[in-house]
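Single-letter residue listing:
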Amino acid sequence: MKAALFDYTRPADLQQGLQLLAEGAGDTKPMGGSQSLGPMLNLRLARPRAVVDVSRLPGMREVTVEAGALRIGGSVTHAEIEDGVFPELRGTLLQTVAAGIAYRAVRNRGTVAGSLAHADPAADWVLAMTALAARLEIVSASGKRLLPMERFMLGAYTTALEAGELIAAVHIPRLGADARWGYTKFCRKPGEFAEASCCAVFDADSGFARIVIGALDGAPRALPGLAAAFAASGALPSRDEVQAAIAAAAPGKDAVDRKLIAATLRRCLEEVLGHEKESA
Ligand SMILES: Cc1cc2nc3c(=O)[nH]c(=O)nc-3n(C[C@H](O)[C@H](O)[C@H](O)COP(=O)(O)OP(=O)(O)OC[C@H]3O[C@@H](n4cnc5c(N)ncnc54)[C@H](O)[C@@H]3O)c2cc1C
């Protein structure tokens, strides 16, 4: 099926884009790389009157350092991060995450903001940005707000974005030189969405310690007790501790799913400890 007719505009700058979204009165959608919106339009699950292409807006294609945090423009593509186009992101967790999203054709066009706004529970940026305690810079014709990732995704495909709003950028606290992380996802085939996923980040300098599991029924869930214990002991938690943490964070999951999540989580923590690299 093909999309129903819609107007397409590529604004010259952010202000014009925000004006078009404001005038669209909720019937106009921003478009990033169209890797999720495109299929939604073709299936007629989305039928906006107009689409505003924000994929090339200059201020949304940059990575800068502001007040000790990284500011990643919302229209930066997965491939640009994978390729190390931005020196600040080379060798980081983000570069690893980007390289594992879908396959290259999707990464060439898909954007960080588009992925977050789409809010697929299994999406990689949704998990990684939650683990990194990212804050989203959300702009509209009437102003700007910074929203923590944990208050952004309200459920599967549901976010706190309001009509006329755009994710202009993502702000991430900079980690210390000795920070360690792990990122693991279980997929049936390479390039597919994850069936279970886990991201863990530890920065002894700042005391930052997060373990987050994804590919759940809604938003990713943090396991703060497990993260604190792992940061303190540096030892892998027992199977019972892992199962208890997962049961508390994702009570709706059945035994098979819980086992899959537990295996993914354990592999992620082994990666943090470097076991996987040693045995590779
Ligand atoms: C075959 C296939 C496999 C995939 N596999 C994976 C995978 O393994 N892991 C993964 O994480 N993702 C996967 N994806 C999704 C991919 O990462 C997309 O890039 C992403 O979901 C959407 O990004 P986009 O820039 O293309 O957004 P679009 O498709 O352009 O937009 C998606 C939604 O976000 C809104 N939007 C876009 N930009 C903004 C903005 N700046 N501010 C506010 N709202 C905005 C749109 O209105 C729309 O509602 C896959 C996609 C495909 C087609």
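Source: prediction; values computed, not measured.

Draft legend 1. How the structure looks around the overall build of the chain. In terms of helices and strands, the chain carries 12 helices and 14 strands. Radius of gyration (C-alpha) of the chain: 19 Å, near the 19 Å computed for a compact globule of 280 residues. Summarising its shape, the C-alpha atoms of the chain cover approximately 55 × 40 × 30 Å along the three principal directions. The proportion of buried residues among the 280 residues of the chain is 48%. Once local pairs closer than 6 in sequence are excluded, the contacts in the chain between residues at least 24 apart make up 59%.

Draft legend 2. Spotlight on the pattern of salt bridges. Summed over all chains, the structure comprises 12 salt bridges. A salt bridge links Glu-82 to Arg-107; the shortest N-O distance between them is 2.9 Å. In this pair, Glu-82 sits in helix α3 (residues 78–82) while Arg-107 sits in helix α5 (residues 104–109), placing the two residues 25 residues apart along the sequence. Since its relative accessible area comes to 19%, Glu-82 is described here as buried. Overall, the relative accessible area of 9% leaves Arg-107 in the buried class. Here Arg-210 makes a salt bridge to Glu-150, at a shortest N to O gap of 3.5 Å. Separated by 60 residues along the polypeptide, Arg-210 in strand β13 (residues 208–214) and Glu-150 in helix α8 (residues 149–152) bring together distant segments of the chain. Sharing partners across several salt bridges, the network here consists of Glu-82, Asp-83, Arg-104 and Arg-107.

Draft legend 3. View of the site of the ligand. Around the ligand, a shell composed of 31 residues is seen, among which Pro-30, Gly-32, Leu-37, Thr-111 and Asp-124 lie nearest. Between the ligand and Ser-34 there is a distance of 2.8 Å, counted from an oxygen atom to a backbone nitrogen or oxygen. Gln-35 places a polar main-chain atom, nitrogen or oxygen, 2.7 Å from an oxygen atom of the ligand. Protein contacts shield 90% of the accessible area of the ligand, which totals 970 Å² for the unbound molecule. For the shell around the ligand, the secondary-structure elements that each account for two or more residues are β2 (28–31), α6 (112–118) and β10 (166–173). A domain-level breakdown of the shell around the ligand finds at least three residues from each of domain 1 (63–173) and domain 2 (180–274).

Draft legend 4. Layout of the domain arrangement of the chain. According to the domain assignment, the chain consists of domain 1 (63–173) and domain 2 (180–274). Taken over C-alpha atoms, the centre of domain 1 sits 20 Å from the centre of domain 2. The interface of domain 1 with domain 2 comprises 24 residues on the first partner and 22 residues on the second. Summed over both partners, the interface of domain 1 with domain 2 comes to about 1800 Å²; 66% of that surface belongs to carbon and sulfur atoms. Three residues stand out in domain 1 for area buried against domain 2, namely Leu-93, Leu-127 and Ala-131, and they jointly supply 33% of the buried area on that side. Counting the contacts that link domain 1 with domain 2 gives 2 salt bridges.

Draft legend 5. Local environment of unusual backbone geometry. A positive phi is found at Ser-34, a non-glycine position, where the angle reads about 65°. Following the sequence through the fold, Ser-34 ends up in the loop between β2 and α2 (37–42). Despite not being glycine, Ala-133 has its phi angle at roughly 55°, a positive value.

Draft legend 6. Representation of the UniProt feature "domain: FAD-binding PCMH-type" (unreviewed entry) in the chain. UniProt marks residues 1–177 with the feature "domain: FAD-binding PCMH-type" (unreviewed entry), using the numbering shown here. Between the C-alpha atoms that bound residues 1–177 the distance is 50 Å, and the span itself is 30% helix and 25% strand.

Draft legend 7. Spatial organisation of the sheet that holds strand β1 (residues 7–9). The parallel open sheet is built from 3 strands, whose spatial order is β1-β3-β2. Of all the strands in the sheet, the pair left with one neighbour each is β1 and β2. Across this sheet, the average inter-strand angle for adjacent strands is 20°, counted without regard to direction. Relative to strand β3 (residues 50–53), β1 runs parallel, the two being bridged by 3 bridges. Residue pairing in the sheet places Asp-7 in a bridge with Ala-50 of β3. Relative to the sheet, helix α1 (residues 14–23) contacts β1, β2 and β3, its axis offset from that of β2 by approximately 150°.

Conventions adopted
- Residues numbered from 1 in each chain as written.
- Predicted model: local features only at pLDDT ≥ 70, side-chain atom pairs only at ≥ 80, totals over all residues.
- Heavy atoms only, no water.
- Helix = DSSP H or I, 4+ residues; strand = E, 2+ residues; numbered from the N terminus.
- Rg over C-alpha atoms; globule rule 2.2 N^0.38 Å.
- Buried < 20%, exposed > 50% of the residue type's maximum accessible area, 1.4 Å probe, protein only.
- Contact = heavy atoms within 4.5 Å.
- Salt bridge = Lys/Arg side-chain N within 4 Å of Asp/Glu carboxyl O.
- Near = heavy atom within 4 Å.
- Polar contact = N/O pair within 3.5 Å; in protein donor to acceptor, adjacent residues only side chain to side chain.
- Areas by Shrake-Rupley, 256 points an atom, 1.4 Å probe, with all protein chains shown as cover.
- Domains from an automatic or database assignment.
- Buried area = accessible area lost by both parts, 1.4 Å probe.
- UniProt positions renumbered as here; feature names shortened; annotations may be inferred.
- Pairing = 2+ DSSP bridges.
- Axes fitted to C-alpha atoms, helices over the stretch in contact; angles between N-to-C directions.

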